[in-house]
Amino acid sequence: MNFDVSFALSVMPTILRGLWTTIWVAAAASLGSALLGFTLEMLRRSNRWLGYVMRFVIDFIRSTPVLVQLYFLYFVLPQYGVTLPALVVGVLGLSVYYSGYLAEVFKGGIEAIPAGQFAAAKALGLGRLDAMLYVIAPQMLRNVAAPMANYFVSALKATPYLAVISVPEMLGLALEVGSDTFRYPEPMVSVGIIFLVLAVAIAQAVRVLENRLLAPARR
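All figures in this text were calculated on a predicted structure; none of them were measured in a lab.

Student: Quick rundown of the packing of aromatic side chains? Include the residues and the values.
Tutor: Counting across every chain of the model gives 10 aromatic pairs. The interplanar angle of 65° and the centroid separation of 5.7 Å between the aromatic rings of W49 and Y52 together place this pair among those described as edge-to-face. Here the residue W49 and the residue Y52 both occupy positions in helix α3 (residues 48-63), the gap between them amounting to three residues, near one helical turn. For W49, a relative accessible area of 62% corresponds to the exposed category. Site record: aromatic cluster; members linked through ring pairs are Y97, Y98, Y101 and Y151. One Lys or Arg, R48, reaches over the ring of W49 and ends 5.3 Å from the middle of that ring. It is R183 that lies over the ring of F7; its NZ or CZ is 5.6 Å from the centre.

This is how it looks when you write it as C-alpha cells:
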C-alpha cells in the first residue's frame, strides 16, 4: 500500500480534534507530577521513618508500568465504589507515574546545592519550610530544568496510553480513522509528526527557561 499524501492531509483535521486534549493532559500531568514529586521528596526528607515510607512509595511508583496504574484507576477502583472520568484518570495516572521520577530529579537537584546554603538560611532565622521555598528551591530549579524537560516530553509521549481508556486524544482518533478506512500509515505518520513538533517545542521552551535560570550564576 502506497503512502497517500492527499489522504493524510484530509484526515489531519480529524486527528487535530484531539490535539487540545493531548496538550491539556500533558500540561496538567507535567504540573501535577512536578508538584507531587516535590511533595514526595520533601516528605522523604522530613524525618527518618517517614523517609523510609516515602522511599518505598517512590520506588513502587517507578517500578510499576504506567498502563497498570491507569488500568487500576479506571477498572479496579470502580469495583470499590470510586468511579472517575476517563480524562481525570489519565491526568491522575500520568501525574502519579512521573512524580516518582521527578522526586529523584529533585533529590539530585537539592543534593547538588552546597550544605552551607542550609546553614546560612538557618542562621538567618528561616524555618525549614521557608528555607526550602525561598533559598533551596530557586537554586534547585537551575539544576533540574533539563531533566525535568525530559520527563515533561515523556509525559507528552505517554498520552497515547490514554486511548486504552477511551480518552479522545490524537492516537485514539487516528486509530478510529484507520479502523474506518483500513488505512493506518497516513494517520499514524500524521500523529507522529504532530508529536515531534510538540516535543521539539517543549524542549526549546525549557531550554530558554534554563538559560534564564542560569543567567544570574554566569554573571
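Now that the structure has been shown, we can carry on.
Student: Hey, could you go over the packing of helix α1 (residues 5-16) against helix α8 (residues 170-181) for me, with residue numbers and the actual values?
Tutor: Axis separation between α1 and α8 bottoms out at 9 Å; the angle between their running directions is 130°. The angle between the axes of α1 and α8 places the two elements in the oblique class. In the packing of α1 onto α8, the handedness of the crossing is right-handed. Residues F7, V11, T14 and I15 of α1 pack against M170, L173, A174, V177 and T181 of α8. Residues belonging to the contact of α1 with α8 are distributed by class as follows: seven nonpolar, two polar and no charged.

Reading guide: rules and limits
- Residues numbered from 1 in each chain as written.
- Predicted model: local features only at pLDDT ≥ 70, side-chain atom pairs only at ≥ 80, totals over all residues.
- Heavy atoms only, no water.
- Phe/Tyr/Trp six-rings, centres within 6.5 Å; stacked < 30°, edge-to-face > 60°.
- Helix = DSSP H or I, 4+ residues; strand = E, 2+ residues; numbered from the N terminus.
- Buried < 20%, exposed > 50% of the residue type's maximum accessible area, 1.4 Å probe, protein only.
- Lys NZ or Arg CZ within 6 Å of the ring centre and 35° of its normal.
- Axes fitted to C-alpha atoms, helices over the stretch in contact; angles between N-to-C directions.
- Parallel < 35°, antiparallel > 145°, perpendicular 65-115°, else oblique.
- Left-handed = near helix turned anticlockwise from the far one by under 90°.
- Contact = heavy atoms within 4.5 Å.
- Nonpolar A, V, L, I, M, F, W, Y, C, P; charged D, E, K, R; others polar.

Interpretation in functional terms is not warranted from these geometric data alone.
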